[in-house]
Amino acid sequence: MSLRFVLDPELTPELREQIVRLWVDVTNAGGAVGFVAPVTVADVRPAAEATFADLVDGPDRLLVGYDGARPVAVLVYADNRFHLKAHWCVLKRVMVHPDAQGRGHGLALLREAERLGRALGREALHITVRGGLGLERFYARLGYREVGRLPGALRVAPGDDRDEILMWLDLTAVGGPDAAPTA
């Protein structure tokens, strides 16, 4: 089943709770979304509430992918909050529920983010990924290119430091990322 995407849905108490639980489930399945498993709702809620505040009161935007009535894919367009960077934004909290993975939902979410990025007048999208998980290969297949790497910047456990990989998608490129094959 294909996803139905909604930009800036009303952040009802029910949707907030669904996003928090999605975040917990993604983290506990090994997802790199700001935490290291195991986490609980209580662990994630403060970060989620700060994210919700930036969506309601601030300049950030929320994209939700629904499978029926259930949100199974989420990402945040984070504004840079600096006028010299207003032409691009950061994608944060890119998540697909573990039981919905393997169906192309991640690809659909990122393609919709790209389409909406252009529609919102953005010239580029930026994302950071945690090294050691192969995430950079997924984003590279979508046209993102690695533009930097902070060695050992993420300490996921004592003695387990991971690179933070900075990736960039130029939305002004003629033909977009499908115009030329990627590695």
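## A word on the nonpolar core
Stage number 1. Judged by nonpolar contacts, the single largest core of 25 residues is most densely connected at Tyr 77, Leu 91 and Tyr 144.
Stage number 2. At the level of elements, β3 (70-78), β4 (88-96), α3 (105-119), β5 (124-130) and β7 (160-170) are the ones that each hand at least two residues to this core.
Stage number 3. Beyond its immediate chain neighbours, meaning those up to four positions away, Leu 91 contacts Leu 75, Val 76, Tyr 77, Leu 110, Ala 113, Leu 125, His 126, Ile 127 and Tyr 144.
Stage number 4. If you look at the next biggest cluster of nonpolar residues, it comprises 22 residues, including Leu 15, Val 20, Val 39 and Met 95.

## Things to note about the pairing of β5
Stage number 1. The buried count for β5 comes to six of seven residues, which makes it a mostly enclosed element.
Stage number 2. Bridge analysis of β4 against β5 gives three bridges, and the strand direction is parallel. Bridge assignment links Trp 88 to a residue of β5, and that residue is Ala 124.
Stage number 3. Considered for its hand, the β-α-β crossover made up of β4, α3 and β5 is right-handed.
Stage number 4. Here seven bridges tie β5 to β7, and the two strands are oriented antiparallel to one another. Of the residues in β7, the one forming a bridge with Ala 124 is Asp 170.

Calculation rules
- Residues numbered from 1 in each chain as written.
- Predicted model: local features only at pLDDT ≥ 70, side-chain atom pairs only at ≥ 80, totals over all residues.
- Heavy atoms only, no water.
- Core = buried A, V, L, I, M, F, W, Y, C linked by side-chain atoms within 4.5 Å.
- Buried < 20%, exposed > 50% of the residue type's maximum accessible area, 1.4 Å probe, protein only.
- Helix = DSSP H or I, 4+ residues; strand = E, 2+ residues; numbered from the N terminus.
- Contact = heavy atoms within 4.5 Å.
- Pairing = 2+ DSSP bridges.
- Right-handed = clockwise from strand over helix to strand, strands pointing away.

Treat this as a map of the structure, not an account of what it does.
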